[in-house]
Amino acid sequence: GESVGLHLPTLSVQEGDNSIINCAYSNSASDYFIWYKQESGKGPQFIIDIRSNMDKRQGQRVTVLLNKTVKHLSLQIAATQPGDSAVYFCAENIPLNTGFQKLVFGTGTRLLVSP
Amino acid sequence: GAGVSQSPSNKVTEKGKDVELRCDPISGHTALYWYRQRLGQGLEFLIYFQGNSAPDKSGLPSDRFSAERTGESVSTLTIQRTQQEDSAVYLCASALSLTGWHEQYFGPGTRLTVT
C-alpha cells in the first residue's frame, strides 16, 4: 500500500508547550490536505484541512502550514494538553485521471504530552 | 446522525479460517475505503469503492483478501485462510464523494487477532 508500515516516530512535549508535527507528502498534484487525530482504540478523527491554494489555516488551538515548494505540511498545536496525546496523520488528496480523487495517508506521528 | 459503524469490534480466529468484517457507512456517502493498521503503525490502504464504479483494489496485499459493497451501503471485507500477519485493526471510512474535496469519516475499527 501507499502508507509505509514503519514504527511511528514520537514527539514528547510538556503540557503547555506548543507542538509542531511535520509531514512530507509525495505528489505535486495533491490539491487538498487533511490532518487526523487517532486516540488509542479509536478510528482517526478530522482535525483541520487546507486546500493547495492556501499556505496557512487556523482552527481552535491548531494551525496547518503548507509549503508546496518542498511538499511539506505541518500541524501546530498551541498550549498542548494531555488530551492531545494521540497519533496524528496527515493525508493528501490526489486527483486521478478518472475524475475521482484518492486520499493517501502519511505514516503518522505519536504525540505524548506530559503533565 | 449515525457515524460509520463496524462489526464485530473484536474478532479472534484460528489460523487458516476465513473471516468476514462488516462496515456500515454514513447514509448518503458514496465513497467507502478499507484500511489496515498494524499495532503501532500507520494506515495501509486496502481498497475503495465509489458508487457503482469498479473498485480500486490496488492496495489488497494478496488474493486472500477481497471486498464487496452492495450499492452505496454495506461493505464486507473477507480474508480467506487467515495468517498471523493478518492480525491488525481493520478500519473502514466513508466520504460524501470521491469527486471534490471531502474528508473521510472513520469507523471504530475491527481488531482481528489470528492465533
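Data block above holds the structure.
To keep things clear, this report deals only with the structure shown in the data block.

Criteria and cut-off values
- Within each chain, residues carry numbers counting from 1 in the order of the written sequence.
- Following the order in which they are written, the chains are lettered starting with A and the ligands numbered starting with 1.
- Predicted model: local features are reported for residues with pLDDT of at least 70 only, side-chain atom pairs are reported and counted for 80 or more only, and whole-chain, interface and lining totals are derived from all residues.
- Side-chain calculation: all heavy atoms of the structure are included, whereas hydrogens and water are not.
- Runs of H or I in DSSP of at least four residues are treated as helices and runs of E of at least two as strands, each being numbered from the N terminus.
- Put simply, the radius of gyration uses C-alpha atoms, and a globule should come to 2.2 Å times the residue count raised to 0.38.
- A simple rule labels every residue: compare its accessible area, found with a 1.4 Å probe on the protein chains alone, to the largest value its type can have, and call it buried under 20%, exposed over 50%, or partly exposed in between.
- Here, two residues are considered to be in contact whenever any of their heavy atoms come within 4.5 Å of each other.
- The method behind every accessible area is Shrake-Rupley, applied with a 1.4 Å probe, and residues are considered shielded solely by the protein chains displayed.
- Positive residues here are Lys and Arg, negative ones are Asp and Glu, while His and the chain termini are left out of the count.
- By convention, the charge on Lys lies at NZ, on Arg at CZ, on Asp at CG and on Glu at CD.
- Strands are treated as partners if at least two bridges between them are detected by DSSP.
- Here a salt bridge means any side-chain nitrogen of Lys or Arg lying within 4 Å of a carboxyl oxygen belonging to Asp or Glu.
- Defined by distance alone, a disulfide is two cysteine sulfur atoms within 2.5 Å.
- Any two rings among Phe, Tyr and Trp, with Trp reduced to its six-membered ring, count as a pair given centres within 6.5 Å; such a pair is stacked if its planes are under 30 degrees apart, edge-to-face if over 60, and tilted if neither.
- Angular values range over 0 to 180 degrees, each being the angle between N-to-C directions of two axes fitted as lines to C-alpha atoms, with helices fitted over their stretch in contact.

## Observations regarding the overall build of chain B
Okay, step 1: For chain B, the count of helices and strands is 0 helices and 10 strands.
Okay, step 2: The N-to-C order of helical and strand elements in chain B reads β-β-β-β-β-β-β-β-β-β.
Okay, step 3: The globule rule puts the C-alpha radius of gyration for 115 residues at 13 Å, and the 13 Å found for chain B is close to it.
Okay, step 4: Referenced to the eigenvectors of the C-alpha coordinate spread, the extents of chain B come out at roughly 40 × 25 × 25 Å.
Okay, step 5: Here chain B holds 115 residues, and 53% of them are scored as buried.
Okay, step 6: When contacts within chain B are restricted to residue pairs at least 6 apart in sequence, long-range pairs at least 24 apart make up 56% of them.
Okay, step 7: Surface exposure of chain B reaches about 5200 Å², of which carbon and sulfur atoms provide 46%.
Okay, step 8: Averaging the coordinates of the 11 positive side-chain charges in chain B and doing the same for the 12 negative ones gives two points 5 Å apart.

## Quick notes on the pairing of strand β8 (residues 86–95) of chain A
Residues and elements named next belong to chain A.
Okay, step 1: Within β8, 9 of the 10 residues are buried, leaving the element largely enclosed by the surrounding structure.
Okay, step 2: Pairing geometry for strand β3 (residues 32–38) and β8, over 7 bridges, is antiparallel. What sits directly across from W35, in β8, is C90.
Okay, step 3: Note: β8 against strand β10 (residues 109–114), 3 bridges, orientation antiparallel. Opposite Y88, over in β10, you have T109 as the bridge partner.

## Points about the pattern of salt bridges
Residues and elements named next belong to chain B.
Okay, step 1: Within the structure shown, the criterion is met by 6 salt bridges over all chains.
Okay, step 2: The residue E44 makes a salt bridge to R36 at a minimum N-O spacing of 3.0 Å.
Okay, step 3: For E44, a relative accessible area of 16% translates into the label buried.
Okay, step 4: For R64, the salt bridge identified is with D86, shortest N-O distance 2.8 Å.

## Structural notes on the state of the cysteines
Okay, step 1: What the rule picks out here adds up to 2 disulfides over all chains.
Okay, step 2: In this model C23 of chain A forms its disulfide with C90 of chain A; the gap between the sulfur atoms is 1.6 Å. Within this pair, whereas C23 of chain A is found in strand β2 (residues 19–24), its partner C90 of chain A is found in strand β8, the two being separated by 67 residues in sequence.
Okay, step 3: A sulfur-sulfur separation of 1.8 Å characterises the disulfide bridge that pairs C23 of chain B with C92 of chain B. On the sign convention where negative is left-handed, the bridge of C23 of chain B and C92 of chain B, at about -60 degrees about the S-S bond, is left-handed. Here C92 of chain B lies in strand β8 (residues 88–95) and C23 of chain B lies in strand β3 (residues 19–24), a separation of 69 residues in the sequence.
Okay, step 4: A relative accessible area of 0% places C92 of chain B in the buried class.

## Some points on the environment of P55 of chain B
Okay, step 1: Structurally, P55 of chain B is set in the loop between β5 (44–50) and β6 (65–69).
Okay, step 2: Sequence separation between P55 of chain B and V19 of chain B is 36 residues, and the spatial gap between their C-alpha atoms is 21 Å.

## Here's the deal with the packing of aromatic side chains
Okay, step 1: Counted under the stated rule, the structure contains 11 aromatic pairs over all chains.
Okay, step 2: With a centroid separation of 5.7 Å and an interplanar angle of 75 degrees, the aromatic rings of F105 of chain A and F106 of chain B are classed as edge-to-face. Residue F105 of chain A is found in strand β9 (residues 101–105), and its partner F106 of chain B is found in strand β9 (residues 105–106); the two belong to separate chains.
Okay, step 3: Overall, the relative accessible area of 4% leaves F105 of chain A in the buried class.

## Thoughts on the pairing of β3 of chain A
Residue and element names in this part refer to chain A.
Okay, step 1: With 7 of 7 residues buried, β3 lies mostly within the body of the structure.
Okay, step 2: Here β3 shows a buried face lined by Y32, I34, Y36 and Q38 and a second buried face lined by F33, W35 and K37.
Okay, step 3: The sheet contact formed by β3 and strand β4 (residues 45–51) spans 6 bridges and is antiparallel. Directly across from Y32, in β4, lies its bridge partner R51.

## Things to note about the sheet that holds β3 of chain B
All names here are of chain B.
Okay, step 1: Reading across the sheet, the 4 strands line up as β1-β3-β7-β6 and stay open at both edges, with antiparallel pairing between neighbours. In the strand order of this sheet, the two ends are held by β1 (5–7) and β6, each with one partner. Pairwise comparison of adjacent strand axes, ignoring direction, gives a mean angle of 15 degrees for this sheet.
Okay, step 2: In this structure, β1 lies alongside β3, joined through 3 bridges in antiparallel fashion. Its bridge partner being in β3, S5 is matched across the sheet by D24.

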